[in-house]
Amino acid sequence: MLAQVLKSSRSDYLKKCREHLSLLIGLLFFSILIDLCRDLFNTSDMEKFLFGLFEVIGSCVFYALILGRLLGLQKFNFLNFFVYLRVNILYSLFYLLGALVLIIPGLYILTFFYFAPILALEGVECESYFSKSREMTKKSPWSALAVSLSLVFLMILDLLFLGYVKEAALSGELELIVLVGFNALIVAFDLFFFLVSIELYKKLRA
């Protein structure tokens, strides 16, 4: 199933880039702004908390908008977004706790609960988004694991590269050029994996 989804997503990728160009530019601008401001709000615990909260909510807004467009949702539903935000945060916390206990529980949560935020964003009525996600993912768990791990590795790569840029002590202009180029690459990969996620989601829900 994953090979079929990857092929379909690759063929639609440029079309989706053009359709959602304004959102991608917005996400790119937001990502660069976060990277540039990270050190400015890192002096007190309160500033760290507020900056982290702004980063999480801001990122989720862009992700929800892009995923909603890929799902074919006509309007941005604020109620669904806040449920999506809550489920997404819970999903991340469950994964971190599972990974801290042992690697296997973390991978299980990463795989079988992967579609819970998308279900919430679409407004699917069910008793538990996590249970529904697990039920769907049983049809092709390795596909969900591959996609979710790819996004985790992409996030880790982003953090590692940002640390490398800070340590390299580049000039202001060169640092900005590097950050713009790298963030553009991350946004491009994000869109591809979001497209893969939605294509896989639709197939598993069918």
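The structure presented is a predicted model; accordingly, all values stated were derived computationally and were not measured.

Helix and strand counts for the protein chain stand at nine helices and zero strands. Listed by position from the N terminus, the elements making up the protein chain come as α-α-α-α-α-α-α-α-α. Here the C-alpha radius of gyration of the protein chain, 17 Å, is about what a compact globule of 206 residues would show, namely 17 Å. Here the protein chain holds 206 residues, and the buried ones make up 42% of them. Considering only contacts within the protein chain whose residues lie at least 6 apart along the sequence, 74% involve residues at least 24 apart. With an accessible surface of roughly 11,900 Å², the protein chain has 68% of that area assigned to carbon and sulfur atoms. Here the protein chain carries 18 positive and 17 negative side-chain charges, and the mean point of each set is 13 Å from the other.

Below, the discussion takes up the nonpolar core. Counting residues in hydrophobic clusters, the biggest one holds 58 residues, and the most contacted among them are I66, Y84, V87, Y91, F115, Y129 and Y201. If one sorts the elements of this core by residue count, helix α9 (residues 172-205) sits on top with 13 residues. Not counting residues up to four positions away in its chain, the partners in contact with Y201 are L71, F115, I118, L119, E122, V124 and M136.

End to end, helix α4 (residues 78-101) covers 35 Å across 24 residues, agreeing with the expected 34 Å (1.5 Å per residue, within 8%). Of the surrounding secondary structure, the elements contacted by the buried residues of α4 are α3 (45-71), α5 (103-112), α6 (116-122), α7 (129-137) and α8 (141-168). The N-terminus of α4 is capped by N77, whose side-chain oxygen sits 3.0 Å from the backbone nitrogen of L79.

This paragraph deals with the pattern of salt bridges. Throughout the structure, instances matching the rule amount to two salt bridges. In this structure, R205 and E122 form a salt bridge, with 3.1 Å as the shortest nitrogen-oxygen distance. Taken together, the positions of R205 in helix α9 and E122 in helix α6 put the pair 83 residues apart, joining distant regions of the chain.

A separate point is the packing of helix α1 (residues 2-19) against α9. Two packed helices can be described by the angle between their axes and the distance between those axes. One way to put it is that α1 packs onto α9 with a least axis distance of 9 Å and a crossing angle of 130 degrees. Overall, the two elements α1 and α9 adopt an arrangement that is oblique. Here α1 and α9 pass one another in a crossing that is right-handed. Contacts between α1 and α9 involve Q4, V5, L6, S8, S9, R10, D12, Y13, K16 and C17 from the first element and A188, F189, L191, F192, L195, V196, E199, L200 and K203 from the second. Tallied by class, residues from the contact of α1 with α9 come to 11 nonpolar, three polar and five charged.

Taken as a whole, this structure holds 17 aromatic pairs when the rule is applied. On the basis of an interplanar angle of 20 degrees and a centroid distance of 3.9 Å, the ring pair of F161 and F182 is categorised as stacked. One end of the pair, F161, is in helix α8; the other, F182, is in helix α9, and 21 residues separate them in sequence. Its relative accessible area of 22% is what places F161 among the partly exposed residues. A relative accessible area of 12% places F182 in the buried class. An aromatic cluster is built from F76, F78, F81, F82 and Y84, whose rings are joined through pairwise contacts.

At a closest axis distance of 10 Å, the pairing of α8 and α9 adopts a crossing angle of 170 degrees. One finds that α8 runs roughly antiparallel with respect to α9. Counted together, S143, A144, V147, S150, L151, L154, L157, D158, F161, L162, V165 and K166 of α8 and E175, V178, L179, F182, I186, F189, D190, F193, F194, V196, S197 and L200 of α9 form the full contact between these two elements.

On to a nonpolar patch on the surface. Taken together, the side chains of M46, F49, L50, L53, V56, I57, I89, L93 and L96 define a hydrophobic patch exposed on the protein surface, amounting to about 810 Å² of accessible area. Elements supplying a minimum of two residues to the nonpolar patch: α3 and α4. Among the elements that line the nonpolar patch, the one with the most residues is α3, at six residues. Following the sequence through the fold, L53 ends up in helix α3. For L53, a relative accessible area of 40% gives the class partly exposed.

Parameters and conventions
- Residues numbered from 1 in each chain as written.
- Predicted model: local features only at pLDDT ≥ 70, side-chain atom pairs only at ≥ 80, totals over all residues.
- Heavy atoms only, no water.
- Helix = DSSP H or I, 4+ residues; strand = E, 2+ residues; numbered from the N terminus.
- Rg over C-alpha atoms; globule rule 2.2 N^0.38 Å.
- Buried < 20%, exposed > 50% of the residue type's maximum accessible area, 1.4 Å probe, protein only.
- Contact = heavy atoms within 4.5 Å.
- Areas by Shrake-Rupley, 256 points an atom, 1.4 Å probe, with all protein chains shown as cover.
- Lys, Arg positive; Asp, Glu negative; His and termini not counted.
- Charge placed at Lys NZ, Arg CZ, Asp CG, Glu CD.
- Core = buried A, V, L, I, M, F, W, Y, C linked by side-chain atoms within 4.5 Å.
- Expected span 1.5 Å × (residues − 1).
- Polar contact = N/O pair within 3.5 Å; in protein donor to acceptor, adjacent residues only side chain to side chain.
- Salt bridge = Lys/Arg side-chain N within 4 Å of Asp/Glu carboxyl O.
- Axes fitted to C-alpha atoms, helices over the stretch in contact; angles between N-to-C directions.
- Parallel < 35°, antiparallel > 145°, perpendicular 65-115°, else oblique.
- Left-handed = near helix turned anticlockwise from the far one by under 90°.
- Nonpolar A, V, L, I, M, F, W, Y, C, P; charged D, E, K, R; others polar.
- Phe/Tyr/Trp six-rings, centres within 6.5 Å; stacked < 30°, edge-to-face > 60°.
- Patch = residues over 30% accessible without salt bridge, like charges linked within 9 Å, V, L, I, M, F, W, Y side chains within 5 Å.

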